[in-house]
Amino acid sequence: GPMLRALAERDGGAVAEVDHLDRGPASAADLIAGSDLILIAGGIGDGPGATVGGVLPGGAEMAIRGVAIEPGRETCLARREGTVVALLPGLPAACFWSYELVAGRVVRCLGGRDPGMPYPLRRFRTTRKIVSTLGFAEIVPVRFDASDDGAVVPLPGGRSSRLCAAAQADGFALVPATSEGCAAGSMVAVWLFEPGAGRDADHG
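Note that residues are indexed from 1 along each chain, following the sequence as it is written. Selection of residues for local features in this predicted model requires a pLDDT of at least 70, selection of side-chain atom pairs for listing and counting requires 80 or more, and totals for whole chains, interfaces and linings are taken over all residues. Each side-chain value is worked out from all heavy atoms of the structure, with water and hydrogens disregarded.

Student: Let's hear about the sheet that holds strand 5 (residues 83–88): which residues, and what values?
Tutor: Strand pairing is defined by DSSP finding a minimum of two bridges between the two strands. Strands here are runs of E lasting at least two residues and helices are runs of H or I lasting at least four, both read from the DSSP assignment and numbered beginning at the N terminus. Ordered in space as 1-5-4-2, the four strands form an open sheet in which the pairing is mixed. A single partner strand is all that each edge strand has here, and the edge strands are strand 1 (37–41) and strand 2 (61–65). Geometrically, the sheet is characterised by an average inter-axis angle of 20° between neighbouring strands, direction not taken into account. Structural elements are reduced to axes, namely lines fitted to C-alpha atoms, with helices fitted over the stretch in contact, and the angle between N-to-C directions of any two is expressed from 0 to 180 degrees.

Student: Outline the packing of aromatic side chains, supporting the account with residue identities and numerical values.
Tutor: Put simply, two rings from Phe, Tyr or Trp (the six-membered ring, in Trp's case) pair if the centres are within 6.5 Å, and we call them stacked under 30 degrees between planes, edge-to-face over 60, tilted for the rest. Inspection of every chain in the model, using the stated rule, returns eight aromatic pairs. Aromatic pair Phe-172 and Trp-191: ring centres 5.6 Å apart, planes at 15°, arrangement stacked. Of this pair, Phe-172 sits in strand 10 (residues 171–175) while Trp-191 sits in strand 12 (residues 187–192), and the two are 19 residues apart along the sequence. Considered together, Phe-172 and Trp-191 belong to a single accessibility category, that of buried residues. Taken together through their ring pairs, the aromatic side chains of Phe-96, Trp-97, Tyr-119, Phe-172, Trp-191 and Phe-193 make up a single cluster. Distance and angle both matter: a charge sits over a ring if NZ of Lys or CZ of Arg is within 6 Å of the ring centre and within 35 degrees of the ring normal. The ring of Phe-136 carries Arg-73 above its face, with NZ or CZ at 4.3 Å from the centroid. Burial status follows relative accessibility: with a 1.4 Å probe on protein chains alone, a residue under 20% of its type maximum counts as buried, one over 50% as exposed, and anything between as partly exposed.

Student: Could you give an account of the pattern of salt bridges, with specific residues and numbers?
Tutor: In what follows, salt bridge is the name for a side-chain nitrogen of Lys or Arg lying within 4 Å of a carboxyl oxygen of Asp or Glu. Using the criterion set out here, one finds seven salt bridges in the structure. Linking Asp-11 and Arg-10 is a salt bridge whose minimum nitrogen-to-oxygen distance equals 3.0 Å. Asp-11 is the salt-bridge partner of Arg-108, the closest N and O atoms lying 2.9 Å from each other. Here Arg-108 is found in helix 3 (residues 92–110), whereas its partner Asp-11 is found in the loop between helix 1 (2–10) and helix 2 (25–29), with 97 residues between them in sequence. In terms of burial, Arg-108 and Asp-11 fall into one category: buried.

Student: Provide a residue-level description of the pairing of strand 10, including the pertinent values.
Tutor: Regular strands place their side chains on alternate faces of the sheet. Counting buried positions along strand 10 yields four of five residues, so the element is predominantly enclosed. Taken together, the five bridges between strand 8 (residues 137–144) and strand 10 define a ladder with antiparallel strand orientation. Bridging across to strand 10, Val-140 finds its partner in Ala-173. Direction of pairing for strand 10 relative to strand 12: antiparallel, over a ladder of three bridges. Considered in strand 12, the bridge of Gly-171 is made with Leu-192.

Student: Could you give an account of the nonpolar core, with specific residues and numbers?
Tutor: Considering soluble globular proteins, one finds that nonpolar side chains tend to be buried as a cluster. Ranked by internal contacts, the top residues of the largest apolar core, which has 25 residues, are Leu-88, Trp-97, Tyr-99, Leu-101 and Phe-172. When residues in this core are grouped by element, the largest group, nine residues, is from helix 3. Apart from the residues lying within four places of it in its own chain, the contact partners of Leu-101 are Ile-69, Met-117, Ile-139 and Leu-174. In terms of nonpolar packing, the next biggest core, distinct from the first, is built from ten residues, Phe-124, Ile-130, Val-152 and Val-190 among them. Put simply, a nonpolar core is a bunch of buried Ala, Val, Leu, Ile, Met, Phe, Trp, Tyr and Cys residues held in one set by side-chain atoms that sit within 4.5 Å of each other. Throughout, a contact is declared for two residues whenever any of their heavy atoms are within 4.5 Å.

Student: Kindly report on helix 1, identifying the contributing residues and their values.
Tutor: Here helix 1 has its buried residues at Leu-4, Leu-7 and Ala-8. One side of helix 1 holds all its buried residues, which, seen down the axis, span an arc of 95°. Looking at the buried residues of helix 1, the elements they touch are strand 1, strand 5 and helix 3. A positive phi of about 100° marks Gly-12, the residue just after helix 1. Arc definition: it is the arc formed by the directions from the helix axis to the C-beta atoms.

Student: Would you mind going over helix 3 in detail, with residue names and values included?
Tutor: Remark: the principal bend of helix 3, roughly 50°, maps to Tyr-99. Of all 19 residues in helix 3, 15 are buried; the element is thus mostly enclosed. Positive backbone phi, approximately 75°, marks Gly-112, located one or two places after helix 3. Bend at a given residue is defined as the angle between two axes, one fitted to the seven residues that end at that position and one fitted to the seven that begin there.

These values are about where atoms sit, not about what they do.
See below:
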C-alpha cells in the first residue's frame, strides 16, 4: 500500500483510498464509483488461492491478461464502467516493476503526462555478462562500478529478492524479449533512479 501510494502520487495520481479487499468481486466493485483507476496487488499468479476473475467485479472486461515482462508476468488490466482495474502481483519486487512498466503508464496517461518512464535514460558499459530468458523483457537492476567510470554492474537476485536489488540499485536495464542478454563490455541502456531528474534520453 505505501509503495503504490508513493508511486501513484509521483506520477500525478490522487490516491482516494487504500484498503484490504476480501478477495471477492463485491469488495472490488465498491471501489469503482468515482475512480479512474484501481490498483489491486496480490491474488493473481500461480500460487495457492491465486485467481484473476475472483477479484474482478462483475461486468469487468479483461483487456490484458499477463505480460511478457519478468518480474511481473502476471500483470493484468481490465475495465469496468470507464474505470481501469490493474491487477498486480503480490510479491513486492514484481508488484514494483509491474507498476513501473504497466500500471504507471496508465496513471501518467490519465494525468496528461508523458507515459514513458519518469527516469533519465543513459547508456553505460556493463562490466559483467547479463543473462536473460528469451520471450520475456527482463528487468535488471544495476549499480555504478566504483572502479570503472562509465560502467555499471548488474545486481544478482532471484524473483523474490529483486526489490532489495532495486533499493540498492542506481538504475535498471531492460533486456528485450528477443534477446538472451549481452556480453560483458557491451553498451546497455540504463534508466537512472535520479529523484527529480525527469525523463531524458541520451543514446550517445
